[in-house]
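Structural overview
Now for the letters of each chain:
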Amino acid sequence: MNKDEIEQKAAYFLTCENDGFTKEQKREFDIWIKISKEHEFTYKKVKKVQSLYQSLSKDIKNEILDSVKKDIKRDSFFRRYKKHAFAATILLFLSIGFLQTNSYLNFNIAHNYKTDKTAQKISLPDGSNIILDAKTVLKVHYFKDRRVIDLKEGNVFFNVAKNNNRPFIINTKEIRVQVLGTSFEINNQKEKIDIEVKNGIVSVQKYDKSYTKELVKLTKGRKISFNRSSDIFSLEDIEIKNIASWKNGVLTFNDTTLKEAINDFKKYKDMIIFLQPDIEKLTITGAFSINDFDKFLYAISQIHTLNITKKAEKIYIYRKN
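Residue numbers run consecutively from 1 along every chain, following the written order of its sequence. Where totals are concerned, whole chains, interfaces and linings use all residues; where local detail is concerned, this predicted model gives features only for residues with pLDDT of at least 70, and gives and counts side-chain atom pairs only at 80 or more. Working from all heavy atoms in the structure, the side-chain values ignore hydrogens and water.

Notes on helix H8 (residues 258-266)
Of the positions making up H8, those classed as buried are Leu258, Ala261, Ile262 and Phe265. Projected down its long axis, H8 shows its buried positions confined to an angular sector of 95°, all on one face. Where H8 is buried, its residues contact strand S14 (250-257), strand S15 (272-275), strand S16 (283-289), helix H9 (293-304), strand S17 (306-311) and strand S18 (314-319). Each residue's exposure class comes from its accessible area (1.4 Å probe, protein chains only) as a fraction of the maximum for that residue type: buried when under 20%, exposed when over 50%, partly exposed otherwise. Only runs of H or I of at least four residues qualify as helices and only runs of E of at least two qualify as strands under DSSP, and these elements are numbered from the N terminus. What the arc describes is the spread of directions from the helix axis to the C-beta atoms. By definition, residues are in contact when any of their heavy atoms lie within 4.5 Å.

Some remarks on the confidence of the model for the chain
Chain-level statistics for the chain give a pLDDT mean of 83 and a share of 82% at 70 or above. Within the model, pLDDT remains below 50 along residues 71-79, and this stretch shows 13 contacts once partners closer than five positions in the same chain are excluded. This stretch, residues 81-107, has a pLDDT under 50; its non-local contacts, to residues over four places away or in other chains, come to 75 contacts. Each residue carries a pLDDT value, the predictor's own confidence for that position, ranging from 0 to 100.

Quick look at the packing of helix H1 (residues 3-19) against helix H2 (residues 23-33)
Here, axes are lines fitted to C-alpha atoms. For helices the fit covers the stretch in contact, and angles between N-to-C directions go from 0 to 180 degrees. Interhelical geometry of H1 versus H2 gives an angle of 140° and a closest axis separation of 11 Å. Considering the angle they form, H1 stands oblique to H2. The crossing of H1 and H2 is left-handed. Along the contact surface, H1 presents Ile6, Lys9, Ala10, Tyr12, Phe13 and Cys16, while H2 presents Gln25, Glu28, Phe29 and Trp32. Of the residues in the contact of H1 with H2, the class split is 7 nonpolar, 1 polar and 2 charged. Our angle categories are set so that under 35 degrees counts as roughly parallel, over 145 as roughly antiparallel, 65 to 115 as roughly perpendicular, and the remainder as oblique. By definition, any crossing whose near helix is turned counterclockwise from its far helix by less than a right angle is left-handed, and any crossing with a clockwise turn is right-handed. Classes in brief: Ala, Val, Leu, Ile, Met, Phe, Trp, Tyr, Cys and Pro nonpolar; Asp, Glu, Lys and Arg charged; the others, Gly included, polar.

Things to note about the pattern of salt bridges
Pairing of side chains with opposite charge becomes possible as their charged atoms draw close. What makes a salt bridge here is a side-chain nitrogen of Lys or Arg within 4 Å of a carboxyl oxygen of Asp or Glu, nothing more. As enumerated under the stated definition, the model contains 21 salt bridges in all. Across the pair Asp145 and Arg146 runs a salt bridge, and its minimum N-O distance is 2.9 Å. By relative accessible area, Asp145 is classed as partly exposed at 44%. Arg146 sits in the partly exposed class, given a relative accessible area of 32%. Its salt-bridge partner being Glu260, residue Lys192 comes within 3.3 Å of it at the nearest N-O pair.

Have a look at this one:
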């Protein structure tokens, strides 16, 4: 565990302590704090910084938060806060990196996540877990009265700890999802949004700045697809075992177009693929390992009688003459 990971874990445990440890969190903390002196030292340092921060006046706190959000340059810190040396010290401490990656936990500053070719798991202090698929971008806001996720793009599986006093909200451009405690997947794509529920109940809402309207309450084993261009949604029953199968290294397709399926594979590996336009909407059903694209190519070539040609690290897919 490197320095950044230790600081992140320390910030996580501090927020757990402030909220009130669960038995599992307390057990995990007791083990972690005893692993090394560095763990203990970092935790005490995090706790001290938060204590110092909380002792500041409200006006100075707001100035610090605004400055951190704007990511102003280091050399302007003390000029701006020369009358408040104490606040300047705290601001400098935050800006140079310590707790910057964890600040949303300690100071209610939003934290951004972006994945490339691998998945990433995020644990919130309330016990909720978020798993980001490859090529996913989101922002986490963790507050005492609510938990808010802004999902910019990509695919995410949520396992939400139940808390009737702290709703869990996920925002996309047009769709909002609100739950109290459940597990579900959201796939925010350019052309559509898919939401699948593994457990519990999910409220799916259409919203913009002027209004919010509930579209449906999704229950276990149900899926909603919202088409952005037509502004139409559809509902269907699904196999629960196939929800977020990518977490286990498997891509599951159910009448998925070849274009969509290939784009899914391309999230995990850089590939240059030329797909003949008139076969983009042909469909595929089946499960394939993320690391076995060749098996997928063989399957579609047999199902749809296609030619697959590889030339200089480029793949061409087209109909047989």
